[in-house]
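If you want the building blocks of each chain, they are given just below.
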Amino acid sequence: MAGLLQALVGTSEKAADIARLCRREQPLFQLLVAEKTGPDRNRRFLQDFKTLADVLIQEVIKHDLGKEFPELQGHIHGEESNEFRSPEGETVMVRVCATPGDTAALLLTVLAPEREAAELLSDAVHRDVVLEDAALAGVELSIPPQDLAIWIDPIDSTNEYIRGSEEVGPVGGIAPAGLCSALVLIGAYNRHTGCPVLGVINEPFFRRDPETHRWQGRYHWGVTYGDTRLSSLSPPGPSLVPRVLLSRAEAPAVLAALQPLCGGRLLFAAGAGYKLLCVILGLADVYVLSEGSTFAWDACAPHAILRALGGGIVALAGALQARRVGGTGTPPELVYNRPIDGADGAQRWANCGGLVAYVDPQHLEAVLATLDTVPGL
């Protein structure tokens, strides 16, 4: 099992390479950002390419992890269906084939007549990734892979990936929007308990190389299993006044309640994964979301890293309910193996009732005490 963490990081690097390729190579970028104009078939095709970038990354991760760890096959999950319609209306199941030529031919059935785009993607899919990370190579774990399952978010913050500006400057270290908030998230959880165990966050668009002007990425990882707590990061230092990060669409009552707690200053950013990353990196102390607009694939990987740093992601509605009936124990955290009864599609895996991500338990307590006063939560 010593190699599973390294494999998660390696597949995240390949995914990041594909994400950068789609932005860098003109035949792919033109399809990625094309406006939905023209006949109905062209509108559908262009929209499908946006989805195809997501799906192809997801299928690459499934293929590579399943090949190296057969125990995980059938237990690697993602947001996207891999079923597409060709321009002729035939059903095509996007997957990684045995050879680059076969994969390119399969992709061409969806992308026709864009042969160059299909071949560029296929080459990236079959390219080996070599990690040069001595610290990561030295990590040895004893976690049975047959006890784990995987959640993948191939490109978190897809809208920022497609339309996001490349030149958005940070505010207090946090990018309010833009391409840098597009992430690759791969999280492993215990199949039986639903608790997050391993997490990898890859930032494909972390910074530009000053000489080539090409985007460079970086990754972060965390492990929480039994008494083991390991991470590529150190816990961020404490902050006297909690810095709370939110969505711009957050409920006005929540904003009004939290503002005094934060000294009148609230922080905002795009993308659930990116906001969780900001807490992990110590750019914010708490991320609050009062609605069920995130999903298992958004939170699993960041949650594992936060646990490794001493924090977590609390289920907001459950935590507030426990407080109101006099509960004094640890607030309930998100789990990743329980679909919502009666829900359909992606909603089966929604984090209903919102969430609070944190590193310092004192910040969590202050936020929950404040939100306990908000009517309707």
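Anyway, here's the lowdown on the structure attached to this text. (Residues numbered from 1 in each chain as written. Predicted model: local features only at pLDDT ≥ 70, side-chain atom pairs only at ≥ 80, totals over all residues. Heavy atoms only, no water.)

1. Focus on the sheet that holds strand 7 (residues 215-225)
No. 1: Overall, mixed pairing links the six strands, which are arranged 1-4-5-6-7-8 in an open sheet. Edge positions in the sheet fall to strand 1 (76-78) and strand 8 (228-231), since each has one partner strand and no second. Averaged over all adjacent pairs, the angle separating strand axes in this sheet is 15°, with direction ignored.
No. 2: Summarising the sheet, strand 6 (residues 196-208) and strand 7 pair through eight bridges and their orientation is antiparallel. Within strand 7, the position partnered with R207 by the bridge is Q216.
No. 3: The strands touched by helix 1 (residues 4-24) are strand 4 (148-156), strand 5 (183-190), strand 6 and strand 7; relative to strand 6, the strand with the most contacts, the crossing angle is about 30°.
No. 4: Contacting strand 4, strand 5, strand 6, strand 7 and strand 8, helix 10 (residues 296-308) crosses the sheet at an angle of about 100° to strand 6. (Pairing = 2+ DSSP bridges. Helix = DSSP H or I, 4+ residues; strand = E, 2+ residues; numbered from the N terminus. Axes fitted to C-alpha atoms, helices over the stretch in contact; angles between N-to-C directions. Contact = heavy atoms within 4.5 Å.)

2. Thoughts on helix 5 (residues 115-126)
No. 1: When the terminal C-alpha atoms of helix 5 are compared, their 17 Å separation across 12 residues agrees well with the 16 Å that a helix rising 1.5 Å per residue should span.
No. 2: Buried within helix 5 we find A117, A118, L121, S122, A124 and V125. What you see down the axis of helix 5 is that its buried residues fit within an arc of 160°, all on one side. (Expected span 1.5 Å × (residues − 1). Buried < 20%, exposed > 50% of the residue type's maximum accessible area, 1.4 Å probe, protein only. Arc of directions from axis to C-beta.)

3. Brief notes about the packing of helix 1 against helix 5
No. 1: At a minimum axis distance of 9 Å, the contact between helix 1 and helix 5 shows a crossing angle of 160°. As far as their axial angle goes, helix 5 and helix 1 are roughly antiparallel. In this structure, helix 1 meets helix 5 at a crossing whose hand is right-handed. Of the residues in helix 5, those in contact with K14, I18, L21 and C22 of helix 1 are L120, L121, A124 and V125.
No. 2: Considering only residue class, the contact of helix 1 with helix 5 consists of seven nonpolar, no polar and one charged. (Parallel < 35°, antiparallel > 145°, perpendicular 65-115°, else oblique. Left-handed = near helix turned anticlockwise from the far one by under 90°. Nonpolar A, V, L, I, M, F, W, Y, C, P; charged D, E, K, R; others polar.)

4. Focus: helix 10
No. 1: The end-to-end C-alpha distance of helix 10 is 18 Å, a good match for the 18 Å that 13 residues give at a rise of 1.5 Å each.
No. 2: A large share of helix 10 lies buried, amounting to 12 of its 13 residues.
No. 3: Those residues of helix 10 that sit buried are A296, W297, D298, A299, C300, A301, P302, H303, A304, I305, L306 and A308.

5. A closer look at the pairing of strand 6
No. 1: Most of strand 6 is tucked away: 10 of the 13 residues are buried.
No. 2: Sheet topology note: the strand 5/strand 6 ladder contains six bridges and is antiparallel. When the sheet's bridge partners are listed, G187 is paired in strand 6 with G199.
No. 3: The hairpin formed by strand 5 and strand 6 contains five residues between the paired strands, and G194 there has a positive phi angle of roughly 80°.

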